[in-house]
Amino acid sequence: MEVHVQYQKMMTSDALTQLLMKKLEGLEQKYSWLIKANVLFKTENDKTGEGKICEIELSAPGPRIFAKSDTDDFEKSMSKTIDDLKRQLEKRQATFSTH
């Protein structure tokens, strides 16, 4: 799977990128039909103390799969986003197996 990572309004982070790649590897092993992942980390000014956003868009057969999370920490945002993607991927996998 091809992975594109972008950082918007923040410094790039090798540690964050490595953690992301490890998590995406797990998805790729379980769902071999994934083609590409576009990942965006960005910060926004948020009065609630959140504003650390992680967006992931996956290219796969059928419509694109997208998830986004906004928490007070990039690692939490990434974990929530990947959990959302896992749910969507399980649903997509179920539609493949019924046909």
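Refer to the structure printed above.
Residues numbered from 1 in each chain as written. Predicted model: local features only at pLDDT ≥ 70, side-chain atom pairs only at ≥ 80, totals over all residues. Heavy atoms only, no water.

**Q** Go over the sheet that holds strand 3 (residues 52-59), please, and point to the residues and values.
**A** Taken in spatial order, the four strands line up as 1-2-3-4 in an open sheet, and their pairing is mixed. In this open sheet, the two edge strands, each paired with only one partner strand, are strand 1 (2-8) and strand 4 (65-71). Along the sheet, successive strands turn relative to each other by an average axial angle of 10°, direction set aside. In terms of strand pairing, strand 3 meets strand 4 through seven bridges, oriented antiparallel. Of the residues in strand 4, the one forming a bridge with Leu58 is Ile65. Along the sheet, helix 1 (residues 14-30) contacts strand 1, strand 2 (36-43) and strand 3; its crossing angle with strand 1, the most-contacted strand, is approximately 145°. (Pairing = 2+ DSSP bridges. Helix = DSSP H or I, 4+ residues; strand = E, 2+ residues; numbered from the N terminus. Axes fitted to C-alpha atoms, helices over the stretch in contact; angles between N-to-C directions. Contact = heavy atoms within 4.5 Å.)

**Q** Tell me about the packing of aromatic side chains, and please be specific about residues and values.
**A** This model, assessed by the stated rule, comprises three aromatic pairs. Ring geometry for Phe41 against Phe74: centres 5.9 Å apart, planes inclined by 90°, an arrangement best described as edge-to-face. Here Phe41 is found in strand 2, whereas its partner Phe74 is found in helix 2 (residues 74-98), with 33 residues between them in sequence. There is no split in this pair, since Phe41 and Phe74 are both buried. Here the aromatic cluster, defined as three or more aromatic residues joined through ring pairs, consists of Tyr7, Phe41 and Phe74. (Phe/Tyr/Trp six-rings, centres within 6.5 Å; stacked < 30°, edge-to-face > 60°. Buried < 20%, exposed > 50% of the residue type's maximum accessible area, 1.4 Å probe, protein only.)

**Q** Account for the nonpolar core, naming residues and giving values.
**A** Within the largest apolar cluster, 22 residues are counted, with the highest numbers of intra-cluster contacts made by Leu34, Phe41, Ile56, Leu58 and Leu89. When residues of this core are traced back to their parent elements, those giving at least two are helix 1, strand 2, strand 3, strand 4 and helix 2. The dominant element in this core, judged by the number of residues it contributes, is helix 2, at five residues. Aside from chain neighbours lying at most four places away, what touches Ile56 is Leu20, Asn38, Val39, Ile65, Phe66, Ala67, Thr81, Ile82 and Leu85. (Core = buried A, V, L, I, M, F, W, Y, C linked by side-chain atoms within 4.5 Å.)

**Q** Quick one: what's the story with the side chain of Glu55, residue by residue and with numbers?
**A** Counting through the fold element by element, Glu55 comes out in strand 3. Those residues within four positions of Glu55 in sequence are excluded, and the remaining contacts are Asn38, Val39, Leu40, Lys42, Phe66, Ala67 and Lys68.

**Q** How would you explain the pattern of salt bridges if you had to name every residue and give the values?
**A** Scanning all chains against the criterion turns up five salt bridges. Across the pair Lys68 and Glu55 runs a salt bridge whose closest N-O atoms are separated by 3.6 Å. Of this pair, Lys68 sits in strand 4 while Glu55 sits in strand 3; the two residues are 13 residues apart in sequence, bridging distant segments of the chain. Lys68 sits in the partly exposed class, given a relative accessible area of 43%. Connected through salt bridges with shared partners, the residues Lys42, Glu44, Glu55 and Lys68 form a single ionic network. (Salt bridge = Lys/Arg side-chain N within 4 Å of Asp/Glu carboxyl O.)

**Q** Pulling in residues and values, what's your account of the pairing of strand 1?
**A** Relative to strand 2, strand 1 is paired through seven bridges, and the arrangement is parallel. Across the sheet, residue Val3 finds its bridge partner in strand 2, namely Ala37. Note on the crossover from strand 1 through helix 1 to strand 2: the handedness is left-handed. (Right-handed = clockwise from strand over helix to strand, strands pointing away.)

Remember that the coordinates give geometry; whether it matters functionally is a separate question.
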